Amino acid sequence: MMQRVIVLTGAGRGIGLAAARRFALAGDLLVLNDVKFSDEALALETTAREYGGDVIFLAGDVSDPSEVTTLVATAEGRHGRVDVLVNNAGVLLSKPTIETTMEDWIRIISINLTGTWNCLHAVLPGMVARRAGRIINVSSELGLIGFPTYAAYCASKGGVIAMTKALAKEVAPLGVLVNSVAPGPIETDMLKFDTIEFNDETREQIPLRRFGQPDEIAAAIEFLAGPGGSYMVGQILSPNGGTAI
Ligand SMILES: NC(=O)c1ccc[n+]([C@@H]2O[C@H](COP(=O)([O-])OP(=O)(O)OC[C@H]3O[C@@H](n4cnc5c(N)ncnc54)[C@H](OP(=O)(O)O)[C@@H]3O)[C@@H](O)[C@H]2O)c1
């Protein structure tokens, strides 16, 4: 199989790191973004080499269009194309809506929604010109069902879901497949440090009675990026242990 050129954002830890690891094990050519990279992420260089691939780490903020332009230009400059974009970078906010400031709102929307827009906007010209490409937007089940104290986050992820559907219809005829993965509650730093809702009580409300692992989301991302995803268009794939049935 031809090596794929993969641009993946928020690859420093959590779901993004798990997805990057799967692509490294497949011998792909990775161009990874994050604000900063953990040692675990940097260790992917050895894995990528071992499996015949390559990895470039590029620190940058997805909400800044010029940094995203640099990211995509680096991938296209080094490898000539981008085959797969995984829009994974995101931040969470759990706060009563009355206490949510304009600054909070702008931060969440800028990173989660505008950041996703910036990246897909940057890769689309190349993908459309080649009549090939996959875009996978990581949204959230909370963008589908809503959750108290998450209004800004839900708005950003609901926006990603709506954008995925619209763009999928627009560019599928041009050979570009756009889909979303909408995870349920996954055991990452985001969940551990930012919320008080994810406790034993919440666990009991999950039909599978456990939180998900980052690699269980990475598996869905890998599926949409791979041969099995060839007829998936505008779908919101939601590995969530049954929370959003
Ligand atoms: N965990 C869950 O339960 C869950 C559920 C549904 C959806 N999601 C979504 O899944 C995605 C990954 O989340 P996660 O759980 O893996 O969270 P995480 O462990 O907090 O990882 C998110 C990564 O994104 C990076 N990031 C944040 N802002 C960025 C920016 N402006 N530009 C570039 N990178 C940025 C973070 O960098 P730093 O290390 O610098 O902070 C971090 O490495 C997010 O979009 C999240 O909304 C997560």
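Residues numbered from 1 in each chain as written. Predicted model: local features only at pLDDT ≥ 70, side-chain atom pairs only at ≥ 80, totals over all residues. Heavy atoms only, no water.

### So, the side chain of His79
Here His79 lies in helix H4 (residues 65-79). Apart from residues lying up to four places away in sequence, His79 is in contact with Val5, Leu29, Val31, Asp54 and Ile56. (Helix = DSSP H or I, 4+ residues; strand = E, 2+ residues; numbered from the N terminus. Contact = heavy atoms within 4.5 Å.)

### What about the pairing of strand S2 (residues 29-34)?
S2 sits mainly inside the fold: six of its six residues count as buried. Every second residue of S2 is oriented toward a common face, with Leu29, Val31 and Asn33 on one face and Leu30, Leu32 and Asp34 on the other, all of them buried. In terms of strand pairing, strand S1 (residues 5-8) meets S2 through four bridges, oriented parallel. When the bridges of S2 are listed, Val7 appears paired with Val31. Handedness of the S1-helix H1 (residues 14-25)-S2 crossover: right-handed. Pairing analysis gives six bridges linking S2 to strand S3 (residues 54-59), with the strands arranged parallel. Bridging from a neighbouring strand, Leu30 pairs with Val55 of S3. (Buried < 20%, exposed > 50% of the residue type's maximum accessible area, 1.4 Å probe, protein only. Pairing = 2+ DSSP bridges. Right-handed = clockwise from strand over helix to strand, strands pointing away.)

### Focus on the pattern of salt bridges
Counting across every chain of the model gives 11 salt bridges. Residue Glu222 pairs with Arg22 through a salt bridge whose shortest N-O separation is 2.7 Å. Of the two residues, Glu222 is situated in helix H10 (residues 214-225) and Arg22 in helix H1; the sequence distance between them amounts to 200 residues. By relative accessible area, which is 25% here, Glu222 ends up partly exposed. Across the pair Glu216 and Arg210 runs a salt bridge whose closest N-O atoms are separated by 2.8 Å. (Salt bridge = Lys/Arg side-chain N within 4 Å of Asp/Glu carboxyl O.)

### A word on the side chain of Asp28
By the secondary structure assignment, Asp28 is in the loop between H1 and S2. Judged by its relative accessible area of 1%, Asp28 is buried. Within the structure, the side chain of Asp28 is placed 2.7 Å from the side chain of Arg4, a separation counted as a polar contact. (Polar contact = N/O pair within 3.5 Å; in protein donor to acceptor, adjacent residues only side chain to side chain.)

### With respect to helix H5 (residues 102-130)
Between its terminal C-alpha atoms H5 stretches 41 Å, which fits the 42 Å expected from 29 residues at 1.5 Å a residue. At Leu124, H5 is bent by approximately 40°, the largest bend along its length, and proline Pro125 sits one to four residues beyond. The first or second residue beyond H5 is Arg131, which carries a positive phi of 55°. (Expected span 1.5 Å × (residues − 1). Bend = angle between axes of the 7 residues up to and from the residue.)

### Regarding the packing of H4 against H5
One way to put it is that H4 packs onto H5 with a least axis distance of 9 Å and a crossing angle of 35°. Crossing hand, H4 versus H5: right-handed. Counted together, Pro65, Val68, Val72 and Glu76 of H4 and Asn118, Cys119, Ala122, Val123 and Gly126 of H5 form the full contact between these two elements. The class makeup of the residues in the contact of H4 with H5 is six nonpolar, two polar and one charged. (Axes fitted to C-alpha atoms, helices over the stretch in contact; angles between N-to-C directions. Left-handed = near helix turned anticlockwise from the far one by under 90°. Nonpolar A, V, L, I, M, F, W, Y, C, P; charged D, E, K, R; others polar.)

### Overview of the packing of aromatic side chains
This structure, assessed with the given rule, holds three aromatic pairs. Taken together, a centroid distance of 5.1 Å and an interplanar angle of 70° make the contact between Phe37 and Phe57 edge-to-face. Within this pair, whereas Phe37 is found in the loop between S2 and helix H2 (39-42), its partner Phe57 is found in strand S3, the two being separated by 20 residues in sequence. Between the aromatic rings of Phe147 and Tyr150, the centroid separation amounts to 5.3 Å while the plane-to-plane angle is 85°, which identifies the pairing as edge-to-face. For Phe147, a relative accessible area of 35% gives the class partly exposed. Aromatic ring contacts, followed pair by pair, group Phe147, Tyr150 and Tyr153 into a single cluster. (Phe/Tyr/Trp six-rings, centres within 6.5 Å; stacked < 30°, edge-to-face > 60°.)

Note that all results are geometric; they support no functional claim without further evidence.
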